[in-house]
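Here is how the chains run, residue by residue.
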Amino acid sequence: MFSQRSLLLTLIVEVLVTLCVLAEKKKDVYRPPSITREPLTETPFKIGEVVRLPCAAEGVPQPTYSWRKNGEPLTTTDSGSEVQQLVSEGTLVINDPKSSHEGVYQCFASNVHGTAVSIKTLLRKAVLEPFPTVREAPVHRPLVGQPLVLTCQPPNSYPPASIYWGDNRNSSKLRPIDNTARISQDYSGNLYFANIAEGDSFPDAHTRYLCAAFNKYLRIIVQGNDQRISAVPARGNPKYEPPRPMWTSPGLDIAIKGHTKKMKCIFSGFPTPKVSWIRLDGAMPSRADTTSSFGQELVIHDVDFSDAGRYQCSASNQIGSEPQVKDFHLTVESPPFWRTKPPEDINTSDEEDALFTCYVNGHPKPDIAWYISGVPVADSPPNPRRTVGQGWLRYSNVTRADTQVIQCNASNAHGYIFANAYLNVFAEAPTFIESPQDLTVAEESTALLKCRVFGAPKPTLVWQKGPNQDDVQDLDERERFTVLDNGNLEITNIKKEDQDVYQCYVYNKFGSDFASGKLTVVERTVIVDRPESQVVLAGTQVSFNCTATTDPSALNDLKIEWKKDGEALDLDGKDNWSLLDGGRRLIIKRIEVDDSGHYTCNASNGLDSDTVTAVLTVKDRPNPPSDVRVSSCSTQFADVQWTPGGDSNERVSTYTVYYNSSHDETGKFHQAATVNSSWNRARIQLRPWTNYTFHVTAENAVGVSSRSEFSRDSCTTQQEIPYRNPLRVCTESRDPDTLVIVWEPMLRTEHNGEGFRYVISYKRDDISGAREIIHEERDWRQSELRIPHQETYKPYVIYVQAVNNVGSAPGEPDKKLGFSGEDVPRAVPENFELVSESLNSTSASFRWTPIDESLSSVRGFFKGYQIRFWKVNDESKIRTEDVVINKWEPCWPYDRSSRTARSAPEFVEGTVSSLWPFSTITAGVVVVNGAKSGNLSQTVTFQTPEGVPSIVPEIWVSERGSHHLHLWWTAPLEVNGILLGYELRYKKVPPAIDHWKMVYINDPQQTYKRVHDLDHNTTYLILIRAETRAGKGPEKSVEATTVSVAVPDAPKILHLTSGYDFVNVSWLPSSEQTARNPGCEFIVRYRQNAQDTWKDTRLEREHNWFNVTDLEFGEKYEFIVIALNRNNDTATSEPQYITVGYTAETQVHHAASTMWLIILICLLILIVLVLLIIALVYRNRGGKYPVYEKEKRHGNKGRLDEEPAFSEYIRTEDSTLKKSQGSLESSSKSEEEGSDSLGAYEDVDPTKFNDEGSFVDHAGYRRPLIAGETRPRADIKSPSALTTFV
């Protein structure tokens, strides 16, 4: 109705403007009354406070006012009485309202042309009566976990009061009770507990639950219906109950269109049921909220007819097998509403027709009644030119006498709508109210040329364009030209050719007139570089661009302005915000969630503008929840609630509740529960004798929020007995004369009360009438009790019980049969021998004579035997194998039957399966009891045969070509025999179809292989395993992919090493730092200096080096290396030059040979001199010879015998060799740099190989031959042969 009155007022203002213009020209303009201000439909009042019922109207002449109360005329005065009317308007004032003033009031505004009528208003005294007096509050004694209803009978109130519940704990002031999923209220004010918690009852008899009524108009609260709850504790945990309905909205319900509709379901149950809503006959309305009242209430905002249908609420908890449901059938009705618009005022002239419409909708269908000046049409004087239809009233061939005010009233069961409209009959020539003006607009915009006129009858209006005065309705693009109802000309999508002079021509039967204006069209302003919407994370940087073009004449006036969420951007105090390039670029650094919003760029030149809006969404971790509180607290559970924080533009997925207890250190927290984001509460399981505080974090896809503030309430649980006794109670065998009882200490959180301690009991089981001994241990961290001075291996009945000041743990403690300590067995097994036929490379069986199993022999529980074995000369690595005769249990339940006696066999046999292959091993056996082992028996020594080798530890690909792979591996860690070589298999990986191809490497020292003839760009599975005479070991695998076909990389010569008549050439497969496609085969091409003829070596497929022989000593040679692939594509290295026989290495060898010759000659001369000296000494001492013989018989030997012969020679030889080798190493290092690159290919230094690939050192050393292997003939011209010769 308010929107209808607003429209009516707008029309009135428009008419007033028209009348103001006419008033300048004609003084005799008249107009029937129109209501401009009226009272509300209901008006409450307080005794003693002034009441104002507004009423104002406009008309010519000025209207007069009158009021009716309950349909009867009301007498008013200007002043001096209880009811008076304000001067110059119709507002009614009641100075001292009383109950007698209650009633229905209506205002009438009249002049000589008719009467306008306001809506009716109900004037009623506001009241809030008290609750009935209750002498003694009723006491409810429900069982914890059961439901309860507290009824409320609200007193009479006008306007209706709001009802809520509270309690007066801790003070006399009423403290409101928060509605939760467990505690809720129906629409009548009754309070429902889905299940009672211990915290719902108050021990203080003066603390009560109270129902309160609040009258918002009077601002008064009354309270009553006092009630108390004294909950009866449940035995153990509360009894679990499935959901059951406690109260629901009516199953057949009515909603009013445009209003808010609420439907509610309240269920009982334990745990508290979760309630959800669905629509059974379609999709839930988009305006529906199913989360209100923790899911119990369905709220539909702005109800529409489409919301009618069937709805259902359902409740479930973790116990209910099937959810409880309640169905609702919702019907939508509405009070009357205007189908289009209310009746409008009509200004017309003589002999015209006038039609008033009152088209309305509503459900039920409204009744329509017409009034003239407040009198029903049926009671008004008859008029033959007036016709009334369903929703319309028509006047034909009107005269000035038909000027009057007409009312339309539409009503049904839900209300009514009411409107005034007048018929005003004039006779006037056309007059311009607003004439066209010169106008400048931009292309593609909309132009509005104004031409508003007044005349009676209504003038005819024609718009004309240009000097030819063409009617705009006849133009080619006339669809862009629209003459509006008010006479203005609207031109859409303006074009350059629309620029012209436009004339408005008007006429009626009393005259005509015209007016014109010029339309100028300029280029429009356009944003060409538009800001784009963005979704970013907090802390990043965002940039918006905005560049525009405009008409050249207005370029200097072009401005770029930015807005955020409709407000002008203010950069003051925002250091991380900046505008660059004259405002065309907006940059925001270190962006925050608060920077999210709609960013609008407006480009304008004062004439037109263009606007683009981009949406910035900044996502971040959610804000922490707030208002964390404990809604209920019992010994076993706490209900924690919180208020969700902001989600920072990324939906919260979960909430996690943490607690800190009085048992924890400051800052230590435990995760208690994680719930879905649709919940803002969680039930936390608690332990007795603990104080808890809680905090909550929220998590979304970006991260986890900081923690919330700690709960404003703590939860303190009462003391209880320990819930259990210690676990793993047993005895341990340590010292032979000690009984050791052990258990698993209980956590501090399991103490459940003060004075926690362990009660330990033990008693000899083999002595009838033995005394039970009790010991208390008050250190809860302690995990054992030692009782010394006991006999060896005696049975004891033991138990450990948890006790605190409240009592002991429930039930009888579990008794165990344990034993005191064991001693070293005395028995030693005899006749230990190897079962020779069982021996293989890794296992063997042994047998021996069984021992005497008596307690005096074993001195403990006879567990069995242990075979011990080790490699000869390596006793540090002993392996063992247990032969279990009896399963060892240190203790067992006391009520279990004892073991039956076992007869000993003739001999005992045991097998070991972890022998070292191909090794000499010693083995023996010992006796084992529950704690100790005896002395070793006699031993046997034997040799294990060869075994298969262990797996190759590692295999890798050092080089990938288009048709080959270069493989390397490491030798097996355990050969387990004599290594014969390696078997290498490869094939294409699926889905390719291929067969295994095999390569065998006979040299056990070789750990590399270049695999050829592969397909390009193909993945291969490669397997390798080592082999001994016992067989092949497990396989190691690797997958590698060849590269695409391409010209091979150019190789790079790494070293040229010369001998007397040969040169060893080594190279890198690729001169690039990273090989792309190394060749799979290589040829060394060489020629003597200044000759044209080249010579080629054979293809080298395995190594990256080659010995070129049969060269001429002292001649200079040029060398190149050519790489090939399977397609015979080639690439050539850069050439290098060397003179045969004159390398630094050769010179070192020659120098070493010369030095050896000099040393040898010097040694020979020295020996001759020594011999001569000895001969001379013997000749000079010839007479003393018998004395010498006598000394010799007494054991004296000449000092000469003590000195080693040729010691100088030996030292010289050693030093010479070392020096020679050092020179060789220096020579090797003097070659051009590139050894690192060679290492990358992991090929062995080619200077250490002969031309057949055998490894040699500079002294000519060769590896030992393997059995059955023959030494290949050494080439005397190879580097190794030459070195050996020297």
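Residues numbered from 1 in each chain as written. Predicted model: local features only at pLDDT ≥ 70, side-chain atom pairs only at ≥ 80, totals over all residues. Heavy atoms only, no water.

> Which residues make up the state of the cysteines, and what are the values?
With the rule as written, the count across this model stands at eight disulfides. Here Cys152 pairs with Cys211 through a disulfide, and the sulfurs are 1.9 Å apart. Linking Cys152 and Cys211, the disulfide has an S-S dihedral of approximately -70° and is accordingly described as left-handed. Residue Cys152 is located in the loop between strand E14 (148–150) and strand E15 (157–158), and its partner Cys211 is located in strand E20 (residues 209–215); the two are separated by 59 residues in the primary sequence. Take Cys152 and Cys211: they sit in the same class, and that class is buried. A disulfide bridge connects Cys265 with Cys313, and the sulfur atoms are separated by 2.0 Å. Looking along the S-S bond of the Cys265-Cys313 disulfide, the torsion reads about -90°, which is the left-handed sense. Of this pair, Cys265 sits in strand E24 (residues 261–270) while Cys313 sits in strand E28 (residues 309–316), and the two are 48 residues apart along the sequence. (Disulfide = S-S within 2.5 Å. Helix = DSSP H or I, 4+ residues; strand = E, 2+ residues; numbered from the N terminus. Buried < 20%, exposed > 50% of the residue type's maximum accessible area, 1.4 Å probe, protein only.)

> Requested: an account of the sheet that holds strand E69 (residues 773–777), with residues and values cited.
Overall, antiparallel pairing links the five strands, which are arranged E69-E68-E71-E72-E77 in an open sheet. The open sheet terminates on both sides in strands that have one partner only, identified here as E69 and strand E77 (892–893). For strand E72 (residues 816–819) and E77, the ladder comprises two bridges, and the chain directions are antiparallel. In the sheet register, Lys816 faces E77, and the bridge partner there is Pro893. (Pairing = 2+ DSSP bridges.)

> A description of the nonpolar core should follow, citing residues and the corresponding values.
Grouped together as the largest cluster of nonpolar side chains are 22 residues, with contacts concentrated most on Phe846, Trp848, Tyr865, Ile867 and Phe869. Of all the elements in the fold, those that place two or more residues in this core are strand E74 (844–849), strand E75 (862–871), strand E78 (908–912), strand E79 (920–929) and strand E80 (940–943). Grouped together as the second largest cluster of nonpolar side chains are 21 residues, Ala126, Leu148, Tyr209 and Cys211 included. (Core = buried A, V, L, I, M, F, W, Y, C linked by side-chain atoms within 4.5 Å.)

> Any chance you could break down the confidence of the model for the protein for me, citing the residues and the numbers?
The pLDDT averaged across the protein works out to 85; a share of 87% of its residues lies at or above 70. Low pLDDT (under 50) marks residues 1–28, which in the prediction has 38 contacts with non-local residues, meaning those over four places away or in another chain. Here residues 1183–1286 is modelled with pLDDT under 50, and outside its nearest four sequence neighbours on either side it reaches 116 contacts, counting other chains as well. (pLDDT = per-residue confidence, 0-100. Contact = heavy atoms within 4.5 Å.)

> An account of the pairing of strand E53 (residues 559–564) is needed here, citing residue identities and associated values.
The alternating pattern of E53 places Ile560, Trp562 and Lys564 on a buried face and Lys559, Glu561 and Lys563 on a face that is not buried. Relative to strand E57 (residues 597–604), E53 runs antiparallel, the two being bridged by six bridges. Directly across from Trp562, in E57, lies its bridge partner Cys601. In terms of strand pairing, E53 meets strand E54 (residues 567–568) through two bridges, oriented antiparallel.

> Tell me about the pattern of salt bridges, residues and numbers included.
The final tally for this structure, using the stated rule, is 51 salt bridges. Of the charged contacts in the structure, one is a salt bridge between Arg764 and Glu791, with a shortest N-O distance of 3.6 Å. A residue pair is termed long-range when its members are at least 10 positions apart, and Arg764 in strand E68 (residues 757–764) and Glu791 in the loop between strand E70 (784–787) and strand E71 (795–803) qualify at 27 residues. You can call Arg764 buried: its relative accessible area is 14%. Residues Asp823 and Arg859 are paired through a salt bridge, measuring 3.3 Å at the closest nitrogen-oxygen approach. Residue Asp823 is found in the loop between E72 and strand E73 (830–835), and its partner Arg859 is found in the loop between helix H2 (855–858) and E75; the two are separated by 36 residues along the sequence. Each member of the pair, Asp823 together with Arg859, is buried. (Salt bridge = Lys/Arg side-chain N within 4 Å of Asp/Glu carboxyl O.)

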